[in-house]
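Here is what each chain is made of, one letter per residue.
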Amino acid sequence: MTREQKTAKYYPNYTLSPGAMKKDGDLVLIGHPNETATANPRHSAFRSILAGITGEDPEREGLADTPRRAAEAIDEFTRGYEIDLNDLFRTFDSAGYDEMVTVRNVPLYSLCEHHLLPFIGTAHVSYIPDGRIVGLSKIARVVDTFARRLQVQERLTIEIADAIEKYLTPAGLLVMIEAEHLCMTVRGVQAPGTTTITTAVRGRIREQQTTRAEAVSAIGMRSQ
Ligand SMILES: Nc1nc2c(ncn2[C@@H]2O[C@H](COP(=O)(O)OP(=O)(O)OP(=O)(O)O)[C@@H](O)[C@H]2O)c(=O)[nH]1
Ligand SMILES: [Zn+2]
């Protein structure tokens, strides 16, 4: 296949410059000596995005490796699809503990499914055991598993609650997320400082007003 044919086939929106050929017969991307024309198709997708930015040159040194980096960044933001909750969850006998457990300020990094821009914040989880307790780190892992997907905050909140309910079957549960959506603060309406709070509430924490107030109060307490 000629260089031009390869370019047309693998990079339809990419204009090859004379310096792009580094090896005989192979299309090797500028600045990326190991990448061939058959490389990850998502790299070429990001390359097309760069080519579409008016005033930019996707072949300049600083951008040559950007398609690979951007694809890897998207991988990081979507790695939650690969995690199997069956392998993740560990519960233990509660040894008679039947009061509320609250894990708060769990960091959360997610990707808005509308704009592919991050939303960033914290998750808080309160639950009342019904004979079983969960390893505390698993709460943070469940949050990360569902956050590292393309999300809206409301669905993320429900998915975290559903998973904890399924594997732990607590007597009561509250999941609260507070996040800043970059699509709302740095673009679009550009309302800096805006955060969104969502909750999912189940069982006794939903039914009993005082128990719900106890959970909200535990989450609201500031660490020293
Ligand atoms: N409910 C909800 N809305 C979200 C979330 N993330 C982003 N959005 C909103 O999704 C909406 C998409 O609206 P559109 O009108 O289709 O997109 P747009 O033209 O980019 O809208 P603007 O952001 O208002 O410029 C926007 O109002 C976003 O603020 C989320 O997690 N939950
Ligand atoms: Zn958005």
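Keep in mind the model is a prediction, meaning the values are calculated, not measured.

Cut-off values and rules
Residues numbered from 1 in each chain as written. Chains lettered and ligands numbered in written order. Predicted model: local features only at pLDDT ≥ 70, side-chain atom pairs only at ≥ 80, totals over all residues. Heavy atoms only, no water. Pairing = 2+ DSSP bridges. Helix = DSSP H or I, 4+ residues; strand = E, 2+ residues; numbered from the N terminus. Contact = heavy atoms within 4.5 Å. Axes fitted to C-alpha atoms, helices over the stretch in contact; angles between N-to-C directions. Near = heavy atom within 4 Å. Polar contact = N/O pair within 3.5 Å; in protein donor to acceptor, adjacent residues only side chain to side chain. Areas by Shrake-Rupley, 256 points an atom, 1.4 Å probe, with all protein chains shown as cover. Nonpolar A, V, L, I, M, F, W, Y, C, P; charged D, E, K, R; others polar. UniProt positions renumbered as here; feature names shortened; annotations may be inferred. Parallel < 35°, antiparallel > 145°, perpendicular 65-115°, else oblique. Left-handed = near helix turned anticlockwise from the far one by under 90°. Phe/Tyr/Trp six-rings, centres within 6.5 Å; stacked < 30°, edge-to-face > 60°. Buried < 20%, exposed > 50% of the residue type's maximum accessible area, 1.4 Å probe, protein only. Donors = N, O, S within 2.8 Å, 3.2 Å for Na, K, Ca; no water.

What is the right way to look at the sheet that holds strand S2 (residues 101-112) in this model?
Hydrogen bonds along the backbone pair up the strands of a sheet, which may run parallel or antiparallel. Across the sheet, 5 strands lie side by side as S5-S2-S3-S6-S7; this open sheet has mixed pairing. In the strand order of this sheet, the two ends are held by strand S5 (150-151) and strand S7 (196-202), each with one partner. Sitting on the sheet, helix H6 (residues 136-147) is in contact with S2, strand S3 (118-128) and S5, with an inclination near 20° to S2.

Can you help me understand the site of ligand 1 in this one?
In the region of ligand 1, the neighbouring residues are Cys 112, His 114, His 115, Val 152, Gln 153, Glu 154, His 181, Cys 183, Arg 187 and Gly 188. With respect to ligand 1, the backbone of Gln 153 contributes an N or O atom lying 2.6 Å from an oxygen atom. Here a nitrogen atom of ligand 1 sits 3.4 Å away from a polar atom, N or O, in the side chain of His 181. Surface burial for ligand 1 is 49%, taken as the share of its 630 Å² of free accessible area covered by protein chains. Here the residues of the shell around ligand 1 sort into 3 nonpolar, 5 polar and 2 charged.

Please clarify how the UniProt feature "domain: GTP cyclohydrolase I" (unreviewed entry) in the protein should be interpreted in this entry.
Following the UniProt record, the feature "domain: GTP cyclohydrolase I" (unreviewed entry) maps to residues 44-219 here. The span residues 44-219 is 43% helical and 27% strand by assignment, and the distance between its end C-alpha atoms comes to 45 Å.

How should I be thinking about the packing of H6 against helix H7 (residues 153-168) in this particular structure?
In contact at an axis separation of 9 Å, H6 and H7 are set at 135° when each is read in the N-to-C sense. Classified by the angle between their axes, H6 and H7 sit oblique to one another. Crossing angle aside, the handedness with which H6 passes H7 is right-handed. For the pair formed by H6 and H7, the contact residues are Ile 139, Val 142, Val 143, Phe 146 and Ala 147 on the first element and Leu 156, Glu 159, Ile 160, Ala 163 and Ile 164 on the second. A class-by-class count of the residues in the contact of H6 with H7 yields 9 nonpolar, no polar and 1 charged.

Help me understand the packing of aromatic side chains, please; the structure alone is not making it clear to me.
Each aromatic ring pair is characterised by the separation of its centres together with the angle its planes make. In total, this model carries 1 aromatic pair according to the counting rule given. Residues Phe 89 and Tyr 167 carry aromatic rings whose centres are separated by 5.0 Å and whose planes lie at 15° to one another, so their mutual orientation is stacked. Taken as a pair, Phe 89 in the loop between helix H5 (85-88) and strand S1 (91-93) and Tyr 167 in helix H7 lie far apart in primary sequence, 78 residues in all. Residue classification places Tyr 167 among the partly exposed residues on the basis of a relative accessible area of 22%.

Would you take a moment to explain the coordination of the zinc ion (ligand 2) for this structure?
Expected angles at a metal are 109.5 degrees for tetrahedral coordination by four donors and either 90 or 180 degrees for octahedral coordination by six donors. In this structure, Cys 112 (SG), His 115 (ND1) and Cys 183 (SG) serve as the protein donors to the zinc ion (ligand 2), at separations of 2.0 to 2.3 Å. Mapping the donors of the zinc ion (ligand 2) onto the primary sequence gives the spacing C-x2-H-x67-C. A residue pair is termed long-range when its members are at least 10 positions apart, and Cys 112 in strand S2 and Cys 183 in helix H8 (residues 182-185) qualify at 71 residues. Residue Cys 112 shares its accessibility class with Cys 183, and that shared class is buried.

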